[in-house]
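# Close look at the chain arrangement
As a plain string of letters, each chain reads:
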Amino acid sequence: MNVIMAAPEAFPYAKTGGLADMAGTLAKELSRLKIKVLLIMPFYRAVKERVKNPENLGKSFIVEIGGERIAGHLYRDGNTVFIGCDRFYDRPELYGTPSGDYPDNPHRFIFFARAVFEAARLLDFKPDVIHCHDWQTGLVPLFLKAFYSRNGSFPFFAKTKSVLTIHNMGYQGIFSRDVLALTGLPADMFTPEGIEFYGKVNFLKAGIIGADMITTVSPTYAGQIQEEEYGFGLEGVLRKKGGALRGILNGIDYSVWDPGRDGHIPETFNRKSFVEGKAACKKELASECGFKDHDAPLVSFVGRLSYQKGVDLISAAAGDIVSEGVNLLFLGKGDSLYQEELKELAGRHVGRVYARIGYEEDFAHLVYAGSDIFLMPSRYEPCGLGQMIALRYGTPPVAADTGGITDTVRNYLPLSGKGTGFLYTGDDPRSFRQALWYALCAYKRADCWKGLVKRAMAEDFSWKKSASLYKDLYDGIAGL
Ligand code: ADP
Ligand code: GLC
């Protein structure tokens, strides 16, 4: 079985969030299941900085967008092929700056969608399945149906099927109507059954209507996105897909996230013996953050600074939190509004609140390992990797009971000695604060806390099971 993983980002090459982890790790895990995987992604500046000597495959192609002929070039590192086109991808960020998206994102991802097919042909890699991720690759399933597999127009793709994984309904790639002409799709696709969405063009919708199978990243979220509250206007379109929509929980990459052999932390630890190791990590983290009181409970947030992640709920409760003698740490990057808010908060509570604005993979390891409690007050969460990593590093989360969090965190019940974290419902600072109080009370009872940490670390979030579910899914559609 040949699978093309068409991803707008993939770890370790370029990452803004969990999609990169998911695409990179799934590609690796599928190879273990004897599936031939070719991961295709843009040759961003971040990739160039990371891969010092990519193999230049010496193969080029042309894509016509709006009458302009634009050249692309293929590079390779192992099983990953990069689509080179400097005018589109050689930029400081992947999709935009803190003040907004790159205005030519439609061009950048129309080009990428076309490039996926060009690369497959040039490399003579005949895919049974093209697995796409999020709106950036939403045009691929529709292009496959409209241009490549239709009426045998390209025998090379005659049997190719497509899968779209939705990582986040909150980002759909919605553009003005004239973008339709740039895609080359026929004008009669601009209908409510096609890619029209309230008078605009919607790339994620293109993927939904075009794909043979759709997945999202947790079973709970798969149900939620068919409802108005979480479907962001596409709930009806998803409901129509019926049995073609599945929720498959992500795993985390245990070769990257393992407190027992993590090179980024001062002392490794495991579920049988974590007290000293975690204490050493906490000490280093507290001094790195300039906290005055190193023994105070250390409570952290790691994530994209966006409305989805509810970081504003933490800042709204921050005054109360620090007055309880808690150290509060933020590691995040995103909307300038939240970046400024956190900087201002840290300035107001020097020695108690620390905000690191930036994307720092290495530091994140120390934060997961050295914190006592992890905060994830997401307004919605398709899967969420942060809470799974935190559990693995013995840092129980205080988290919103939604989406993938519901599927991965078991609520702590004091007397029963069960549970791995503290869940709450409702997106208001009060509910969140209440859950944090419960957590802080439990933290004070050392024996209970040890049991909680042990249970958290014992959870299995490896990719094995999920990768085999994806394999079954491909087997089910390939060759039909
Ligand atoms: P999302 O994909 O919605 O951003 P996830 O919880 O699925 O959220 O995944 C986020 C991933 O990105 C995790 O691996 C997390 O550790 C990482 N991450 C997010 N923000 C940062 C940051 N500022 N620095 C380092 N790692 C980060
Ligand atoms: C998205 C979601 C997140 C999920 C990640 C990987 O960015 O917001 O919940 O874990 O994709 O699937």
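Thresholds applied
The residue numbering used here restarts from 1 in each chain and proceeds along that chain's sequence as written. Here the convention is simple: chains get letters from A, ligands get numbers from 1, in the order in which they are written. Predicted model: local features are reported for residues with pLDDT of at least 70 only, side-chain atom pairs are reported and counted for 80 or more only, and whole-chain, interface and lining totals are derived from all residues. Heavy atoms throughout the structure, all of them, feed into the side-chain values; hydrogens and water do not. Only heavy atoms are used to decide nearness, and a residue is near a molecule or strand if one of them lies within 4 Å of it. Between N or O atoms, a polar contact is any pair within 3.5 Å; within protein, one atom must be a potential hydrogen donor and the other a potential acceptor, and residues adjacent in sequence are included only when both atoms are from side chains. Areas reported as accessible are Shrake-Rupley estimates using a 1.4 Å probe. Residue values count occlusion only from the protein chains shown. Note that Gly is not counted as nonpolar here; it falls among the polar residues with everything else outside the nonpolar set of Ala, Val, Leu, Ile, Met, Phe, Trp, Tyr, Cys and Pro and the charged set of Asp, Glu, Lys and Arg. The split into domains, and so the bounds of each, comes from an automatic or database assignment of domains. Here, residues are in contact when the closest pair of their heavy atoms is within 4.5 Å. Buried area is understood as the total, over both parts, of accessible area removed when two parts are fitted together, assessed with a 1.4 Å probe. Salt bridges are counted wherever a side-chain nitrogen of Lys or Arg sits within 4 Å of a carboxyl oxygen of Asp or Glu. Labels follow the DSSP assignment, with helices taken as runs of H or I lasting at least four residues and strands as runs of E lasting at least two, numbered in each case from the N terminus. Paired strands are those between which DSSP finds at least two bridges. Axes here mean lines fitted to C-alpha atoms, for a helix over just the part in contact, with angles spanning 0 to 180 degrees between N-to-C directions.

## Some thoughts on the site of ligand 2
- Taken together, 13 residues sit near ligand 2, with His167, Asn250, Glu381, Cys383 and Gly384 positioned nearest.
- Within the contact set of ligand 2, an oxygen atom lies 2.4 Å away from a side-chain nitrogen or oxygen of Glu381.
- For ligand 2, an oxygen atom lies 2.9 Å from a polar atom in the backbone of Cys383.
- Burial of ligand 2 by the surrounding chains reaches 93%, relative to a free accessible area of 310 Å².
- Split into classes, the residues belonging to the shell around ligand 2 amount to 5 nonpolar, 6 polar and 2 charged.
- Each of two domains, domain 1 (2-251 + 464-478) and domain 2 (275-458), supplies a minimum of three residues to the shell around ligand 2.

## A closer look at the domain arrangement of the chain
- Segmentation of the chain into domains returns domain 1 (2-251 + 464-478) and domain 2 (275-458).
- Summarising the inter-unit geometry, the C-alpha centres of domain 1 and domain 2 are found 33 Å apart.
- With 22 residues of domain 1 at the contact, the number on the domain 2 side is 23 residues.
- A combined buried area of about 1,600 Å² lies between domain 1 and domain 2, and 56% of that area is made up of carbon and sulfur atoms.
- The residue Glu93 makes a salt bridge to Lys333 at a minimum N-O spacing of 3.3 Å.
- At the boundary of domain 1 with domain 2, the tally comes to 11 residue pairs in polar contact (both at pLDDT 80 or more).
- When contributions to the side of domain 1 that touches domain 2 are tallied by element, the ones reaching two or more residues are α1 (18-32) and α8 (219-224).
- Among the elements that take part in the side of domain 1 that touches domain 2, α8 stands out by supplying 4 residues, more than any other.
- When the residues that make up the side of domain 1 that touches domain 2 are grouped by side-chain class, the tally is 9 nonpolar, 10 polar and 3 charged.

## Considering the site of ligand 1
- Taken together, 22 residues lie near ligand 1, and Gly18, Arg304, Lys309, Tyr368 and Leu385 sit nearest.
- In this structure, Gly18 approaches ligand 1 through a main-chain N or O atom, which is 2.6 Å from an oxygen atom.
- Expressed as a share of its isolated accessible area of 570 Å², the protein-covered part of ligand 1 is 93%.
- At the level of elements, α1, β15 (298-305), β16 (327-334), α14 (361-370) and α15 (386-392) are the ones that each hand at least two residues to the shell around ligand 1.
- Counting contributing residues per domain, the shell around ligand 1 is built from domain 1 (2-251 + 464-478) and domain 2 (275-458), each supplying no fewer than three.

## Here's the deal with the sheet that holds strand β12 (residues 200-202)
- Strand order across the open sheet formed by 3 strands is β10-β12-β11, with antiparallel pairing between neighbours. This sheet does not close on itself; its edge strands, each paired only once, are β10 (174-175) and β11 (196-197).
- Bridge count between β11 and β12: 2 bridges; the pairing is antiparallel. Residue pairing across strands places Phe197 opposite Lys200, the latter belonging to β12.
- Contacts from helix α7 (residues 203-210) reach β10, β11 and β12, with the element oriented near 55 degrees to β12.

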